[in-house]
Amino acid sequence: MALVPCQVLRVAILLSYCSILCNYKAIEMPSHQTYGGSWKFLTFIDLVIQAVFFGICVLTDLSSLLTRGSGNQEQERQLKKLISLRDWMLAVLAFPVGVFVVAVFWIIYAYDREMIYPKLLDNFIPGWLNHGMHTTVLPFILIEMRTSHHAYPSRSSGLAAICTFSVGYILWVCWVHHVTGMWVYPFLEHIGPGARILFFGSTTILMNFLYLLGEVLNSYIWDTQRKPPSWQDT
């Protein structure tokens, strides 16, 4: 028996993300007042994705509790749809985007923090909030993957979805630059057009790789041939 039930962990993680988002939005930073606001930053988009995902997890747990033993087929069908949405969000958004944000942020930060997180931001964002946005995302999503089995979509549809997200965000970043004349991330100012194209292409490939990594990790953790159907595992 687990020391802490996974349902309780999900509630705690959801509350953590709500706290992080509220504290982040309360910060009066100049970048929040410019075109696109917080939505031009992948970190903020990822926080919203994680909060929505764990919100769906908590809703799934509540629905499972309420429908358990009821024998209502319609309620069971609705629960299956909710669990399918939960699994799709983990596979296509929560895991690859979350791991991408953590990995890329800290790699660039270690090389030269001014390229992605200038020291000026320390005057606005406390250290605990920085780690809440760029560190704890990884253990939270790994805890979720370890505590519950998630059914991945077909590989082709999953890769198509993550590619759509990646290209969509890249186009959004380019549009913000077109409107404001400024790149969302400082390091993009210091590289040429060819290097930017290479960087954007590499990030899309990395997103696809992280999707496949999540699929492999999920299969490694859970022996799908011995598990019950995903709608029974909440």
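None of the values given here were measured: they were computed from a predicted structure. (Residues numbered from 1 in each chain as written. Predicted model: local features only at pLDDT ≥ 70, side-chain atom pairs only at ≥ 80, totals over all residues. Heavy atoms only, no water.)

A. Region of interest: the UniProt feature "transmembrane region" (unreviewed entry) in the protein. Under the UniProt annotation, the feature "transmembrane region" (unreviewed entry) is placed at residues 42–67, 88–108, 128–147, 159–185 and 197–217. The span residues 88–108 carries 100% helix and 0% strand; its end-to-end C-alpha distance comes to 29 Å. Here residues 159–185 is 81% helix and 0% strand, with 26 Å between the C-alpha atoms at its ends. (UniProt positions renumbered as here; feature names shortened; annotations may be inferred. Helix = DSSP H or I, 4+ residues; strand = E, 2+ residues; numbered from the N terminus.)

B. Up close: the layout of surface pockets. Approximately 1,000 Å³ is the volume attributed to the largest pocket. Looking at the lining of the largest pocket, the element that brings in the most residues is helix 6 (residues 155–180), giving 7 residues. For the lining of the largest pocket, the residue count by class is 35 nonpolar, 8 polar and 2 charged. (1 Å grid on protein atoms, 1.4 Å probe; cavity = no way out; pocket = protein on both sides within 12 Å on 5 of 7 lines; lining within 4 Å. Points joined across faces, edges and corners; volume = space filled by probe spheres on them. Nonpolar A, V, L, I, M, F, W, Y, C, P; charged D, E, K, R; others polar.)

C. The side chain of Ser-166, seen in detail. Take Ser-166: it is sitting in helix 6. Since its relative accessible area comes to 5%, Ser-166 is described here as buried. (Buried < 20%, exposed > 50% of the residue type's maximum accessible area, 1.4 Å probe, protein only.)

D. Region of the structure containing helix 5 (residues 137–147). Among the residues of helix 5, those classed as buried are Val-137, Phe-140, Ile-141, Glu-144 and Met-145. One side of helix 5 holds all its buried residues, which, seen down the axis, span an arc of 135°. Contacts from the buried residues of helix 5 go to helix 1 (6–26), helix 2 (42–67), helix 3 (73–112), helix 4 (127–134) and helix 7 (193–221). (Arc of directions from axis to C-beta. Contact = heavy atoms within 4.5 Å.)

E. Representation of the packing of aromatic side chains in the model. Under the counting rule described, the total for this entry stands at 17 aromatic pairs. Here the aromatic cluster, defined as three or more aromatic residues joined through ring pairs, consists of Phe-41, Trp-183, Tyr-185, Phe-187, Phe-199 and Phe-200. (Phe/Tyr/Trp six-rings, centres within 6.5 Å; stacked < 30°, edge-to-face > 60°.)

F. Main features of the packing of helix 5 against helix 7. The contact between helix 5 and helix 7 brings their axes to 9 Å, and the two run at 45°. Taken as axis vectors, helix 5 and helix 7 run oblique relative to one another. In this structure, the crossing between helix 5 and helix 7 has a hand that is right-handed. Between helix 5 and helix 7, the contacting residues are Leu-142, Met-145 and Arg-146 on the first element and Gly-214, Leu-217, Asn-218 and Ile-221 on the second. Tallied by class, the residues present in the contact of helix 5 with helix 7 amount to 4 nonpolar, 2 polar and 1 charged. (Axes fitted to C-alpha atoms, helices over the stretch in contact; angles between N-to-C directions. Parallel < 35°, antiparallel > 145°, perpendicular 65-115°, else oblique. Left-handed = near helix turned anticlockwise from the far one by under 90°.)

G. Region of interest: the side chain of Thr-203. With respect to the helices, strands and loops of the structure, Thr-203 is situated in helix 7. Within the local environment of Thr-203, its side chain forms a polar contact with the backbone oxygen of Phe-200, the two atoms lying 2.7 Å apart. (Polar contact = N/O pair within 3.5 Å; in protein donor to acceptor, adjacent residues only side chain to side chain.)

H. Here's a closer look at the pattern of salt bridges. Enumeration over the complete set of coordinates arrives at 5 salt bridges. Across the pair Asp-87 and Arg-86 runs a salt bridge, and its minimum N-O distance is 3.0 Å. On the basis of relative accessible area, Arg-86 is assigned to the buried category, the value being 0%. Residues Arg-155 and Glu-215 are paired through a salt bridge, measuring 2.5 Å at the closest nitrogen-oxygen approach. You can see Arg-155 sitting in helix 6 and its partner Glu-215 sitting in helix 7, a full 60 residues away along the chain. If you follow the salt bridges from partner to partner, you end up with Arg-10, Asp-61 and Glu-144 in one network. (Salt bridge = Lys/Arg side-chain N within 4 Å of Asp/Glu carboxyl O.)

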